[in-house]
Amino acid sequence: MGAVQSRVWMAEPGALTALRVRCMDCGTEQVADRALTRCPVCGGLLDALVALDAPVRPEQFGVGLPPNARHSGVWRYRPLLPPIPDEAIVSRWEGNTPLYEDDRLADYAGLTGGSLRIKHEGHNPTASFKDRGMTVGVSHARAVGARIVACASTGNTSASLASYAAAAGLPALVLIPEGKISGGKLAQTLAYGARVVQVAGDFDQALSLLRQLTDAYDVYLVNSVNPFRLEGQKTIVFEMLEQLDWQVPDVIALPGGNLGNTAAFGKALGELLQVGLIDRLPKLAVIQAAGAAPFASYHAGGWQTFAAVVAETIATAIKIGNPASTPRARRSIEATAGLVIPVSDDEILDAKAAIDRTGIGCEPASAASLAGLRRLVASGDVAPDARAVAVLTGHVLKDPDAVIAYHLHDGPAGEPAAGANRPISVPAELPALERALADALHG
Ligand SMILES: *Cc1c(COP(=O)(O)O)cnc(C)c1O
Ligand SMILES: [Zn+2]
């Protein structure tokens with residue numbers, strides 16, 4: 001225990017003075033020479049500081065990177081990231097994700113005269129956007145000499161942390177709500193060698209338990225309360241805008257769980273405006289699952305009172321009742337005159353089936369973005385001729401059980417789901433296969 005109890009981070013004193021964070025509430029600044037997750041004065045959430053005094057040109061991106069970061073779609077945007085020392089960087093060639101366009105999904109959303117682009121973050125090394133934050137978080141952990149990294153997770157953060165910790169040669173401690181994370185995510189976390197602790201409770205309980213531990217011991221916490229995680233997640237927006245030739249869309253839709261991404265997107269857009277790469281802000285549209293929608297209720301009530309909920313939804317990645325980044329996310333919505341709405345699990349599954357049928361595919365939480373856009377167009381909050389981007393946060397194989405249940409099992413009314421694709425069984429005889437061929441040809 002002695003080594004763990006030591007309050008001393010390993011970084012040389014004074015070596016990291018360029019790495020600073022600021023409290024979003026009281027403005028107190030600190031040098032980030034250790035893991036920091038809340039303001040020491042008022043307990044507020046922290047922002048990492050980035051030097052943005054000079055204009056930034058697109059030609060600066062991807063230039064002059066050290067070999068260990070050269071292929072990263074995150075470190076490419078280093079002029080807009082905190083100055084982590086070269087030698088600390090741990091990269092797995094994250095980012096560089098596709099921006100698809102699909103007319104069938106634009107129709108599904110009701111964007112008849114507009115356009116829909118799909119930013120697919122499931123194409124990251126561990127198959128979710130969490131890798132973008134993790135490369136910066138774990139690199140910062142290395143820069144400050146952390147000896148162990150930890151997170152509480154609904155699954156994707158743990159898979160990502162386990163991979164990046166393995167890359168960095170650091171031990172990882174992962175808390176998951178027992179029995180409540182998908183098989184794909186648990187499999188990754190175990191395979192990459194993290195120490196997995198299953199907590200008898202939900203995600204919100206696991207995170208508050210872990211924060212008690214990291215407050216008492218020198219354990220580097222990489223949940224999104226860590227401002228360096230969010231710095232990496234800003235690059236979803238940077239890369240999307242670069243792929244759009246810096247032409248700002250009307251609306252960017254994303255699922256909202258712990259609201260780290262909502263916070264990161266707002267910060268990214270504000271910084272792009274500040275350095276002159278864009279000239280206006282798109283609306284952020286944050287979509288929550290109806291059974292886990294405390295932020296949507298907070299917004300609908302005019303930001304009067306925030307009330308945590310006990311979360312319940314099939315979309316486990318956003319099954320969060322007390323989002324840690326709520327105040328930062330509110331700032332993002334206010335700055336972009338954004339929208340926050342709930343969608344039902346049935347709407348999520350229907351949108352997911354539509355995305356899957358195009359061959360693109362995603363995990364359930366990701367499909368909330370398309371389900372939400374469809375609802376916002378139907379309600380008139382987004383115009384049918386809008387140019388929209390929907391962010392898909394994770395890969396279809398993250399949650400194979402959800403796919404199998406949708407296609408193979410009847411719903412509560414004893415009916416298959418609207419988009420169910422049932423396999424057929426045949427005897428090992430050619431005529432039976434010929435009938436299957438005819439069916440496949442004629443739909
Ligand atoms: C983490 C995660 C989310 C939620 O993101 P927040 O930043 O917590 O709001 C949504 N979808 C997937 C697939 C995720 O892994
Ligand atoms: Zn403060």
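Heads up: the structure comes first, above all this text.
None of the values given here were measured: they were computed from a predicted structure.

## Some details on the pairing of strand S5 (residues 115-120)
Alright, step 1. Across the 6 residues of S5, 5 count as buried, placing the element largely inside the fold.
Alright, step 2. Bridge count between strand S4 (residues 99-101) and S5: 3 bridges; the pairing is antiparallel. Note on S5: the bridge partner recorded for glutamate 101 is arginine 117.
Alright, step 3. Note: S5 against strand S13 (residues 387-392), 6 bridges, orientation parallel.

## Section: the packing of helix H3 (residues 130-143) against helix H7 (residues 227-243)
Alright, step 1. The contact between H3 and H7 brings their axes to 6 Å, and the two run at 140°. With respect to their mutual orientation, H3 and H7 come out oblique. You can see that H3 and H7 cross each other, and the crossing is right-handed. The segment H3 lies against H7, with Lys130, Arg132, Gly133, Met134, Val136, Gly137 and His140 engaging Phe228, Arg229, Glu231, Gly232, Gln233, Thr235, Ile236 and Glu239.
Alright, step 2. Looking at the contact of H3 with H7 residue by residue, the classes come out as 4 nonpolar, 6 polar and 5 charged.

## Quick notes on the coordination of the zinc ion (ligand 2)
Six octahedral donors around a metal ideally subtend angles of 90 or 180 degrees, whereas four tetrahedral donors ideally subtend 109.5 degrees.
Alright, step 1. Cys23 (SG), Cys26 (SG), Cys39 (SG) and Cys42 (SG) make up the full set of protein donors to the zinc ion (ligand 2), lying at 2.3 to 2.4 Å.
Alright, step 2. Considering all 4 donor atoms around the zinc ion (ligand 2), angles at the metal cover 98 to 117° and the coordination shape is tetrahedral.
Alright, step 3. Coordination of the zinc ion (ligand 2) draws on donor residues from a single chain, spaced C-x2-C-x12-C-x2-C in sequence. A residue pair is termed long-range when its members are at least 10 positions apart, and cysteine 23 in strand S1 (residues 20-23) and cysteine 42 in the loop between strand S2 (29-31) and strand S3 (46-48) qualify at 19 residues.
Alright, step 4. In this structure cysteine 23 comes out as buried when scored by relative accessible area, which is 2%.
Alright, step 5. Note on cysteine 42: relative accessible area 41%, which makes it partly exposed.

## With respect to the packing of aromatic side chains
Alright, step 1. Scanning the entire structure with this criterion turns up 6 aromatic pairs.
Alright, step 2. Measuring from centroid to centroid gives 5.7 Å for tyrosine 77 and phenylalanine 238, while their planes differ by 55°, and the two rings are tilted. Of this pair, tyrosine 77 sits in the loop between S3 and S4 while phenylalanine 238 sits in helix H7, placing them 161 residues apart in sequence.
Alright, step 3. Centre to centre, the rings of phenylalanine 295 and tryptophan 303 are 5.5 Å apart; their planes meet at 45°, and the pair counts as tilted. The pair phenylalanine 295 / tryptophan 303 is uniform in exposure class, with both members buried.
Alright, step 4. Aromatic ring contacts, followed pair by pair, group Phe61, Tyr77, Phe238 and Trp246 into a single cluster.
Alright, step 5. Directly above the aromatic system of tyrosine 108 lies the positively charged group of arginine 374, at a separation of 4.0 Å from the ring centroid.

The rules behind each value
- Residues numbered from 1 in each chain as written.
- Chains lettered and ligands numbered in written order.
- Predicted model: local features only at pLDDT ≥ 70, side-chain atom pairs only at ≥ 80, totals over all residues.
- Heavy atoms only, no water.
- Buried < 20%, exposed > 50% of the residue type's maximum accessible area, 1.4 Å probe, protein only.
- Helix = DSSP H or I, 4+ residues; strand = E, 2+ residues; numbered from the N terminus.
- Pairing = 2+ DSSP bridges.
- Axes fitted to C-alpha atoms, helices over the stretch in contact; angles between N-to-C directions.
- Parallel < 35°, antiparallel > 145°, perpendicular 65-115°, else oblique.
- Left-handed = near helix turned anticlockwise from the far one by under 90°.
- Contact = heavy atoms within 4.5 Å.
- Nonpolar A, V, L, I, M, F, W, Y, C, P; charged D, E, K, R; others polar.
- Donors = N, O, S within 2.8 Å, 3.2 Å for Na, K, Ca; no water.
- Tetrahedral: all angles 85-135°; square planar, octahedral: opposite > 155°, others 65-115°.
- Phe/Tyr/Trp six-rings, centres within 6.5 Å; stacked < 30°, edge-to-face > 60°.
- Lys NZ or Arg CZ within 6 Å of the ring centre and 35° of its normal.

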